[in-house]
Amino acid sequence: MSIRAVFTGIGKAVPSHIMTNDDFSKIVDTNDEWIQQRTGIKQRRVCGQDEAASDLAYEASVLALKDAGIGADEIDLIVVGTVTGDHPFPSTSCLIQEKLGAKNAGAFDVGAACAGFIYSVDTAAAMIESGRYKRVLVVGVDVLTKFMDWNDRATCVLFGDGAGAVVMEGHEGSDHGLIKTVLLANGEGACHITLETGGSRYPQDREWSEDKNPHIYMNGREVYRFAVGAMGDACMKVLELAEMNTSDIDLFVPHQANSRIITAAAERLELPEERVFINVQDYGNTSGGSIPIALAEAVEQGRLKKGMVVMTVGFGAGLVWGANLIRW
Ligand code: UT7
């Protein structure tokens, strides 16, 4: 009998500090009307100086384990989708492993930017379906505000910090869990969203890094064009693989980057508003945290219930994109 990777617990964590659009209008030449009209964002959560990715990830993980009704020592693998971990190394997953006391778990990070959770879920599911792992903790977390240029109005208003976590468990013969996934990439678009320094190409303290941008750079228009196409592309492909169509989708939970992108993708997929989940207004773009935070809120609000079919889709720096089709 085949093994399915079933979602048995979920949790989310965001920093307590809220930054509104009006707060940004005191820092850069922007205003609430522009931000809301172009992005749908009203506010975002921002980490304090002493807060980092592993703190949010730990908090979300504790809630996910509680929701699943299992102890940290019952987890045999931790997979964390992040591009803004506490350090280049050790991995953030190892920091969480220690904080949780998950003494029987292996741990590694997955670097797929805003599609980090989509990639991590598929990685975890493949390992569960192979029968080699039984219970995997999957976290999506990013703290992009630590890498922003607070003088660049074209990027600084877009991002926020946050984490979401799920427990995925192997269930034999179940029809719940991950149904199908598609993961896609196109490195030709690598130049459109970058953080140039801090890696082995331009280490931050070397002279040849001095003319490089130490902050997030994004070609917004180019990414916008890519995003609308990529979301439709990944969703159509995953539905085709599963031999399903959009009328089978109970809830669409896309990456929360911009409400205009989400609406355009939903229209292309002919998904009515009531089947589309949007919370970008409250958190901005939390990158790897965005989809699991949205899933957690959809559960909290009773919009995502056991047995429903949910389609998630993400896109981001790489360029990468992908979709998970799940029976919750
Ligand atoms: O998860 C990673 C994926 N990233 C994304 O999904 C982002 C995708 N891109 C977008 O969401 C949109 O391109 C943005 C929201 C970033 C920008 O919206 P846009 O409608 O594409 O605006 P634009 O870049 O074409 O800029 C229009 C104008 C420009 O002024 P001019 O040249 O027309 O005079 C910008 O300088 O808006 C100006 N502008 C702003 N004005 C007020 C740019 N940022 C701001 C701002 N406040 N914060």
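Here the structure is a predicted model, which is why all the values come from computation and not from measurement.

This part takes up the sheet that holds strand β1 (residues 3–13). Pairing within the open sheet is mixed, and its five strands lie in the order β1-β7-β6-β4-β5. Each edge of the sheet is formed by a strand with only one pairing partner; in this case those strands are β1 and β5 (106–110). The sheet shows a mean angle of 20° between the axes of neighbouring strands, direction not considered. Relative to β5, strand β4 (residues 77–81) runs parallel, the two being bridged by five bridges. Bridge pairing in β5 places V79 opposite F108. Most of the contacts of helix α10 (residues 290–300) go to β1, to which it runs at about 85°, and overall it touches β1, β6 (135–143) and β7 (161–172).

All chains considered together, the criterion is met by four aromatic pairs. Judged by centre distance (5.8 Å) and plane angle (5°), the ring pair of F24 and W150 falls under stacked. Remark: W150 occurs in the loop between β6 and α6 (153–156) and F24 occurs in helix α1 (residues 21–25); sequence separation between them is 126 residues. F24 gets classed as buried once you look at its relative accessible area, which sits at 0%. Accessibility expressed as a relative area gives 29% for W150, which makes it partly exposed. Where F226 meets W321, the ring centres are 5.4 Å apart and the plane angle is 80°; that geometry is what we call edge-to-face. With F226 in helix α7 (residues 220–242) and W321 in strand β13 (residues 320–327), this pair connects stretches of sequence that are 95 residues apart. Judged by its relative accessible area of 16%, F226 falls in the buried class. Members of the aromatic cluster, each reached through a chain of ring pairs, are F226, F315 and W321.

Let's shift gears to empty space enclosed by the protein. All told, the structure shown has one cavity of 30 Å³ or more when counted by the stated rule. Quantified by volume, the largest cavity comes out at close to 30 Å³. Along the walls of the largest cavity sit Q256, N279, V280, Y283, G284, T286, S290 and I293, which together make up its complete lining. Broken down by secondary-structure element, the contributors of at least two residues to the lining of the largest cavity are α9 (280–283) and α10.

Turning to the domain arrangement of the chain, a few remarks are in order. For the chain, the assigned domains are domain 1 (3–174) and domain 2 (178–327). Averaged C-alpha coordinates put domain 1 and domain 2 at centres separated by 14 Å. Buried surface at the junction of domain 1 and domain 2, summed over both partners, amounts to about 3700 Å²; 64% is from carbon and sulfur atoms. Taken as a group, K12, C114 and I118 account for 18% of the area that domain 1 buries against domain 2, more than any other trio of residues on that side. Our count for the contact surface shared by domain 1 and domain 2 stands at two salt bridges. Among the ionic pairs, E297 bridges to K12, the shortest N-O distance being 3.6 Å. Secondary structure elements with two or more residues in the side of domain 1 that touches domain 2: β1, α2 (32–39), β3 (43–45), α5 (116–129), β6 and β7. Broken down by element, the side of domain 1 that touches domain 2 gets its largest block of residues, seven residues, from α5. Across the side of domain 1 that touches domain 2, the residue classes break down as 23 nonpolar, eleven polar and eleven charged.

Turning our eyes to something else, we now look at the packing of helix α3 (residues 53–68) against helix α4 (residues 92–100). Look at α3 against α4: their axes get within 9 Å of each other, and the N-to-C directions meet at 55°. The pairing of α3 with α4 is recorded here as oblique in orientation. Helix-helix and strand crossings are classified by hand; for α3 and α4 the assignment is right-handed. Contact residues: α3 offers A53, S54, D55, A57, Y58, S61, V62 and L65, while α4 offers T92, L95, I96, K99 and L100. Residues of the contact of α3 with α4, tallied by class, amount to eight nonpolar, three polar and two charged.

The next point concerns the packing of α7 against helix α8 (residues 259–268). Remark: α7 packs on α8, axes separated minimally by 9 Å, with the N-to-C direction vectors making an angle of 35°. The interaxial crossing formed by α7 with α8 has right-handed handedness. The segment α7 lies against α8, with Y224, A227, V228, G229, M231, G232 and D233 engaging R260, I261, A264, A265 and R268. For the contact of α7 with α8, the per-class residue count stands at seven nonpolar, two polar and three charged.

Cut-offs applied
- Residues numbered from 1 in each chain as written.
- Predicted model: local features only at pLDDT ≥ 70, side-chain atom pairs only at ≥ 80, totals over all residues.
- Heavy atoms only, no water.
- Pairing = 2+ DSSP bridges.
- Helix = DSSP H or I, 4+ residues; strand = E, 2+ residues; numbered from the N terminus.
- Axes fitted to C-alpha atoms, helices over the stretch in contact; angles between N-to-C directions.
- Contact = heavy atoms within 4.5 Å.
- Phe/Tyr/Trp six-rings, centres within 6.5 Å; stacked < 30°, edge-to-face > 60°.
- Buried < 20%, exposed > 50% of the residue type's maximum accessible area, 1.4 Å probe, protein only.
- 1 Å grid on protein atoms, 1.4 Å probe; cavity = no way out; pocket = protein on both sides within 12 Å on 5 of 7 lines; lining within 4 Å.
- Points joined across faces, edges and corners; volume = space filled by probe spheres on them.
- Domains from an automatic or database assignment.
- Buried area = accessible area lost by both parts, 1.4 Å probe.
- Salt bridge = Lys/Arg side-chain N within 4 Å of Asp/Glu carboxyl O.
- Nonpolar A, V, L, I, M, F, W, Y, C, P; charged D, E, K, R; others polar.
- Parallel < 35°, antiparallel > 145°, perpendicular 65-115°, else oblique.
- Left-handed = near helix turned anticlockwise from the far one by under 90°.

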